[in-house]
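As a plain string of letters, each chain reads:
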Amino acid sequence: MLRLAGRDALMSAHTLLFADLIDSTALIARLGDAGAARFWADHDQRARRSIAKYGGTEIDRSDGFFLLFDHPASALRFASDYHRVTSDLGAAVRVGIHHAIVTLRHNPPDDVARGAKPLEVEGLAKPLTARIMALAGGGRTLLSAEAAAVLDPTALDGQVIRSHGHYRLKGIVDPVEVVEAAAPGRVGTPPGDGEKAYRVVAVGGLWRPVREVRHNLAPERDDFVGRQVELRALAELLEGGARLVTVLGAAGTGKTRLARRYAAAWLGEWPGGAYFCDLSEARSLEGIHFVVALALGVPLGKGDAGMQLGHAISARGRCLVILDNFEQVELHAPNAVGRWLDLATEACFVVTSRVRLRLPGESIAALDTLPLADEAITLFELRARTQRPDFAVDERNRDAVAQIVRLLDGLPLAIELAAARVSVLSVEQIVERMKDRFTLLAGARGVAARQATLKAAIDWSWDLLAPSERAALAQCVVFDGGFTLKAAEAVIVLDTQANAPSVLDAIHSLVDKSLLRALQPASSDRLDIGEPFFAMYLSIREYAAAKLRSLGDEAGDNAELRHARYFAGFGSDDQLDALLRHGGVARRQRLALDLDNLVGGCRRAVRRRQDELAAGCFLAAWAVLEVQGPFNLASILGRQVAALDTLPPRVGARVQAALASALRDEGKTEASDAELARSLALAQEAGDTRGEALAWRLLAVARHRDGRTEEALRCFETALALHETVGDQAQLGAVRANLANLQMELGSMAQARASYEAAIALQRAVGNRAGEAVSIGNLGTLLHELGELAPARSAYEQALVIHRNAGSVLQEAITLGNLGILESQHGDHRAAAECYRAALAIYRETGSRRGEGVALSQIGDLHRALGEPEAAFAAYEDSLRICREVGNRRFEGGVLAGMGELQVDRGLRDEGLRALEEGEDLLREVGDPLDLAKVVCAKGRVAFAGGDIATARAALTDAGTIGDRLGAAPGSDLGRQIDGLRSLLDGA
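In what follows, the accompanying structure is described.

**Observations concerning helix α2 (residues 72-88)**
- The first and last C-alpha atoms of α2 sit 24 Å apart over 17 residues, in line with the 24 Å expected at 1.5 Å per residue.
- Counted residue by residue, α2 has 13 buried out of 17 residues, so it is predominantly covered.
- Residue Gly90 follows α2 closely and has a positive phi angle near 80°.

**Quick word on the pairing of strand β4 (residues 64-69)**
- β4 sits mainly inside the fold: 6 of its 6 residues count as buried.
- Going residue by residue along β4, you find Gly64, Phe66 and Leu68 tucked away on one face and Phe65, Leu67 and Phe69 tucked away on the opposite face as well.
- Direction of pairing for strand β3 (residues 57-61) relative to β4: antiparallel, over a ladder of 4 bridges. Within the sheet, the bridge partner assigned to Arg61 lies in β4 and is Phe65.
- The turn joining β3 and β4, which pair antiparallel and follow one another in sequence, is formed by 2 residues.

**What to know about empty space enclosed by the protein**
- With the rule as written, the count across this model stands at 4 cavities of 30 Å³ or more.
- Listing elements by their share of the lining of the largest cavity, those giving two or more residues are α28 (689-706) and α30 (729-745).
- Of the residues belonging to the lining of the largest cavity, the class tally is 2 nonpolar, 4 polar and 5 charged.
- Taken as a whole, the second largest cavity encloses approximately 50 Å³ of empty space.
- As for the second largest cavity, its lining consists of Arg664, Gly667, Thr669, Arg705, Asp706, Arg850, Val886 and Gly887.

**Examining the nonpolar core**
- Residues Leu473, Phe483, Ile507 and Val641 are the most contacted members of the largest nonpolar core, which totals 90 residues.
- No other element matches helix α24 (residues 611-628), which puts 12 residues into this core.
- By size, the runner-up hydrophobic cluster in this structure holds 39 residues, among which are Ile760, Ala799, Ala933 and Leu974.

**Notes on the environment of Ser280**
- Mapped onto the elements, Ser280 comes out in the loop between β13 (274-278) and α8 (285-296).
- Spatially, the C-alpha atoms of Ser280 and Asn325 are 5.5 Å apart, while their sequence positions differ by 45 residues.
- A distance of 2.9 Å separates the side chain of Ser280 from the side chain of Asp278, its partner in a polar contact.

**Considerations on the pairing of strand β12 (residues 244-248)**
- In terms of burial, β12 is largely enclosed, as 5 of its 5 residues are buried.
- Every second residue of β12 is oriented toward a common face, with Leu244, Thr246 and Leu248 on one face and Val245 and Val247 on the other, all of them buried.
- Examined bridge by bridge, β12 and strand β15 (residues 348-353) share 5 bridges and lie parallel to one another. Along β15, the bridge assignment pairs Val247 with Thr352.
- Pairing geometry for β12 and strand β16 (residues 362-366), over 5 bridges, is parallel.

**Brief notes about the pattern of salt bridges**
- Under the criterion given, the structure shown has 52 salt bridges.
- Across the pair Asp557 and Arg608 runs a salt bridge whose closest N-O atoms are separated by 2.5 Å. Highlighted residues: Asp557 in helix α20 (residues 553-568) and Arg608 in the loop between α23 (595-607) and α24, separated in sequence by 51 residues.
- Here Glu711 makes a salt bridge to Arg703, at a shortest N to O gap of 3.4 Å.
- By relative accessible area, Arg703 is classed as buried at 12%.

**A closer look at the packing of aromatic side chains**
- Using the criterion set out here, one finds 15 aromatic pairs in the structure.
- Their ring planes at 80° and their centres at 5.2 Å tell us that Phe39 and Trp40 sit as a pair that is edge-to-face.
- Residue classification places Phe39 among the buried positions, given a relative accessible area of 7%.
- Residue classification places Trp40 among the buried residues on the basis of a relative accessible area of 13%.
- Aromatic pair Phe65 and Tyr82: ring centres 5.9 Å apart, planes at 65°, arrangement edge-to-face. On the criterion of sequence distance, the pair formed by Phe65 in strand β4 and Tyr82 in helix α2 is long-range, its members being 17 residues apart. Tyr82 shares its class with Phe65; the two are buried.
- Through pairs of rings, three or more aromatic residues link up here, namely Phe479, Phe483, Phe534, Tyr566, Phe567 and Phe570.

Cut-offs applied
Residues numbered from 1 in each chain as written. Predicted model: local features only at pLDDT ≥ 70, side-chain atom pairs only at ≥ 80, totals over all residues. Heavy atoms only, no water. Helix = DSSP H or I, 4+ residues; strand = E, 2+ residues; numbered from the N terminus. Expected span 1.5 Å × (residues − 1). Buried < 20%, exposed > 50% of the residue type's maximum accessible area, 1.4 Å probe, protein only. Pairing = 2+ DSSP bridges. 1 Å grid on protein atoms, 1.4 Å probe; cavity = no way out; pocket = protein on both sides within 12 Å on 5 of 7 lines; lining within 4 Å. Points joined across faces, edges and corners; volume = space filled by probe spheres on them. Nonpolar A, V, L, I, M, F, W, Y, C, P; charged D, E, K, R; others polar. Core = buried A, V, L, I, M, F, W, Y, C linked by side-chain atoms within 4.5 Å. Polar contact = N/O pair within 3.5 Å; in protein donor to acceptor, adjacent residues only side chain to side chain. Salt bridge = Lys/Arg side-chain N within 4 Å of Asp/Glu carboxyl O. Phe/Tyr/Trp six-rings, centres within 6.5 Å; stacked < 30°, edge-to-face > 60°.

Written out as structure tokens, the structure is:
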């Protein structure tokens, strides 16, 4: 204990406890003034007896208490007692506990007489404890890790302590680890983010909000009921080292919901991300691979798909992969899950299935039906309340509700279907209508009986539907993933001559009856969708699909045709132009939500040879895939559509152009060039100036990347002229930005700067934020080369924000790579490594082989700067192989130069000089003076180290001449290399 200056002020270690009564205002309103007065008198009397019993000091009292204890053990014992007191009084309380050194100050007696508290507690520990309490829900006690660390185990009295990870608390500098004390099986899920606290996870040495951890989990559509024991059991299996857990249960028990709930609640445990893979449509190993690749955003090449996915999962580190509905593909478990467990040693897999996988190391989390007397009744009540807000389970209807859930064997989905009927039936009427059908099933037990119960529940709901509602539900199965009301109105056809309701009314009715789900889609939280999506439970989808098949092939074919026609509309010129104009970012994000429908519509249209519908769906899908991948999916679809021989030339030109871009992003240069040539020919045949202009722009970029500079310049001139003719501002801005890249590499820095600024102005004028960000980022590279480092960093960071908001992951990777170079040159190698690794992961996951080669060369440069020659050489070798594979000759020259200088450093002078000369020749051939000057500087350094001063001076002269022509400032990368070589020679 340390006494401080001032009256009765001292510092000492204490345990702080904050407690707060949940919904106290509503409680007072319910009890009335007189009842509330009696409640508080009883509350205070019993609580203060407990405070005295455990040696607490009352500092303050409002809707709860602020108390001080000598030890965490006393505070925890009081918390347990206080929970019992409030529960007996029909209320609930939340408690937060922390142990720290605080300052205690006694107020003067005169102040106390006027109403001041006798004792004041000062210090950061006070708001920290209050923040911890605010995270707790009713009936829960949360502690800081500091309090738990000094807790006497005997004080637990049978309770257990579980960590919920770290939280960033408002006003507190460092994250705080939060733990919970509760009876075994009663520890809840980690608290959700609050107004003044949010959960964080360590990623790459930095604390990142858990909400930023990558995942594809859909938001929960309604309250999650019960299953706390099962959730905790699943968490404990994974925390205990299990890497494969199968959630085993019958249909309708809520396996999918449990797995998703676990992933969302414990997302902070998986810094590599959580990925939900719906295998309900898979029937083969290839089907499993496709679904998992799509969920992870990983393109599949021609090789071993299982191996590719294993490596991709491994690259995520500690991640969670949920494989939902595995029962129909369980024979393929060894060749899918079994392989990935071996390849991705940090990853864990949660499988939901009606059968065991029987793989080595498999753990089972069995999921039974809901407890009838508790959770099943609560579920019925909550779901019924969505139909009738005034519905409540009380003494009058409790027996009837209990009979309903008993007849339904506690199956959650069946209970939800029954609860949906309270809008038209009383619970007593529901019982009467169910008795005959479900009494026969109620005596049986086991999986088969529960599946029969679920089918009977769906049968019962189906029988109660009007004919129009049955028709609408059956047709909903043609949607892949969710769908909007507008899509439903375009696809679903009802018999209007039978006085059928509108599609709107039918969908609304199906939602009310819990046969459709209304949900906000899993999308960027920056995007306000403004309308719900609708989706089906898997069991109901399977049921409705059988009903659609029973109507005959024509009914299903017509529904699929309407589906393709609707989604093909997103690939029209008007719709795609809108992506490049005001609101384009939001439109693209919105379109991404329908990617499954676009892909499914395209495939079905190809199968039926509906050429223009297939093309429309593909072009709309490409608008999403070109910024986020996977490019392999785009090239597969594109080849299928391009093979249709009756496409109009104008449409074919656009399909070929998109296919060419996808192939080039995959690194398939020759195939891309062939498709570009076809695109140009088709556009010219159709007299389509816009299509021709697009083809010339893509050709210009391709020639630039191939190092064919003169051809590239001619193609750019043609593209510029054509785009100016049609007045396409957005595409004109893209051409100017592409041209500026070439001008910069040719050393025409002033021209390049003017072109970038013109491109930014054009894109800004039409509101194309994504295109504007590309030009801003490239301008940053120019500024970087000119030595204007602060403006360069600002440009990179500005571009990065826009790319992330727009979901332009490929451009995000490019910008990260450029920012990494800047960080490395400033000596922040750790930050550079993070940028490079993040960029490499994006390139690999989107299937950009060209980008992968670039990132590996940057990683090689970093390893060389850090004095790690073996790692540097390995990265250079991988980069060189990819650059040659995709025809990236400019980067090939730069990689050869890096390898050459590294070889010289390793004592392999002859091999190093050969690599430097090969790189120099290649860069002279492709006309890249900027990188050429850097290679010349490297040759000069090597010559100086070998004592060849004359060659070194010649290199300095050559590099200096190029640098002067480029306008390389002393602070630029080239400027520093020239000055470094000059300093060596000046000291000779």
